[in-house]
Amino acid sequence: MKKGVLVLLAFVFFSVVLFYFASAVNIAACTSLDSGGVYTLTQNVFSTNTCMNITASNVTLNCNGFTIKYGINGASDVYGVNVTGPLLNATIKNCTIAGNTSAGTSSHNIYLAFVNNSLIENNKINTTNSNGATGIYLHNSSMNNITMNNLSFGAAGDDDIGIFLQSSDYNNITGNNLSSPVFSYGLWINSSGNNIFAGNSILFYGGSTSPLGVSIFNSTNNTLFDNKIVMTGVDGATGIYLLNSKNNTLSYNNVSLASTGTGSNAAVYLNLNSTNN
């Protein structure tokens, strides 16, 4: 009896291993990933438009430390990695993603739309050469984990966003580092609820005017816990800004402001119908 069980377990183990390697694919160019499996980047890749499109569930994109560059000729509304569902279980990890110096507005490094139960982990994301760009953008996407990413944004123009949640619920955003030298938004939560933003670091520096570390608009039941927000050399800065947002939990966050101008700074600002926070 025991021998039969051991044989069955061995069969299951080797079946899983064989499935993993059978589904693993090396890629060396921008492309569409339209079937489940593990895709590993083998070199730096470039595109004048969107680079990677994930259109199937159960896809892992492992860049293995290589770089994705997109929007090289200044195209607008293009993405480094575009994941558009409805789909489940997408993983994007170990990537360096950057828009080119001529990239147009409204371009995003990682974009998830109608995507659930997915992971964005250990990526280096740079929007500093794009105007109006977002590092990580979740739209109608829930129960995702965004963790251990480094985001640099905002050098080419105003209104860049590090991480943006639009109509997205029950996401965990933990252990990320965000930095910007100009007016930008670190984390922006809009019309979203029950998200956790914990253990992250947001830094604004070098003459930034009116930056917002965390912005919560029209949202409820989000938790901000143990985050560090540092704004040095700024004017008119706000660490955490709430607008028409209720029942959010803000606890053990460290907000440090060092102003160089005459503008009014605020660690936490509650505006218009922001109650029970």
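Preceding this paragraph is the structure being described.
Rules of the game
- Residues numbered from 1 in each chain as written.
- Predicted model: local features only at pLDDT ≥ 70, side-chain atom pairs only at ≥ 80, totals over all residues.
- Heavy atoms only, no water.
- Helix = DSSP H or I, 4+ residues; strand = E, 2+ residues; numbered from the N terminus.
- Buried < 20%, exposed > 50% of the residue type's maximum accessible area, 1.4 Å probe, protein only.
- Contact = heavy atoms within 4.5 Å.
- Disulfide = S-S within 2.5 Å.

**Considering the environment of Val83**
Move 1: You can see Val83 is positioned in strand 8 (residues 79-88).
Move 2: For Val83, a relative accessible area of 0% translates into the label buried.
Move 3: C-alpha separation for the pair Val83 and Ser57, spaced 26 residues apart in sequence, amounts to 9.7 Å.
Move 4: Setting aside anything within four residues of it in sequence, one finds Val83 in contact with Ile54, Ala90, Ile92, Tyr111, Leu112, Ala113 and Val115.

**Some words on unusual backbone geometry**
Move 1: Each neighbour pair has its own omega, and for Gly85 with Pro86 the value is 20 degrees, a cis peptide bond.
Move 2: Looking at where Pro86 falls in the secondary structure, it is placed in strand 8.
Move 3: Unlike most non-glycine residues, Ser191 shows phi in positive territory, near 50 degrees.
Move 4: Relative to the elements of secondary structure, Ser191 occurs in the loop between strand 20 (184-190) and strand 21 (196-198).
Move 5: A relative accessible area of 36% means that Ser191 is categorised as partly exposed.
Move 6: With phi around 60 degrees, Asn221 is a residue other than glycine that occupies positive phi space.
Move 7: Structurally, Asn221 is set in the loop between strand 23 (212-217) and strand 24 (223-225).
Move 8: For Asn221, a relative accessible area of 37% puts it in the partly exposed group.

**Focus on the state of the cysteines**
Move 1: For the structure on display, the rule yields two disulfides.
Move 2: Paired through a disulfide, Cys30 and Cys51 show a sulfur-sulfur distance of 2.0 Å. Judged by the sign of its S-S torsion, about -90 degrees, the cystine formed by Cys30 and Cys51 is left-handed. Taken together, the positions of Cys30 in the loop between strand 1 (24-27) and strand 2 (32-33) and Cys51 in the loop between strand 4 (45-46) and strand 5 (52-54) put the pair 21 residues apart, joining distant regions of the chain.
Move 3: For Cys51, a relative accessible area of 2% corresponds to the buried category.
Move 4: Between the sulfur of Cys63 and that of Cys95 lies a disulfide, 2.1 Å long from S to S. Because the torsion about its S-S bond is 75 degrees, the bridge between Cys63 and Cys95 counts as right-handed. In this pair, Cys63 is assigned in the loop between strand 6 (59-62) and strand 7 (67-70) and Cys95 in the loop between strand 9 (91-93) and strand 10 (96-99), connecting sequence segments 32 residues apart.

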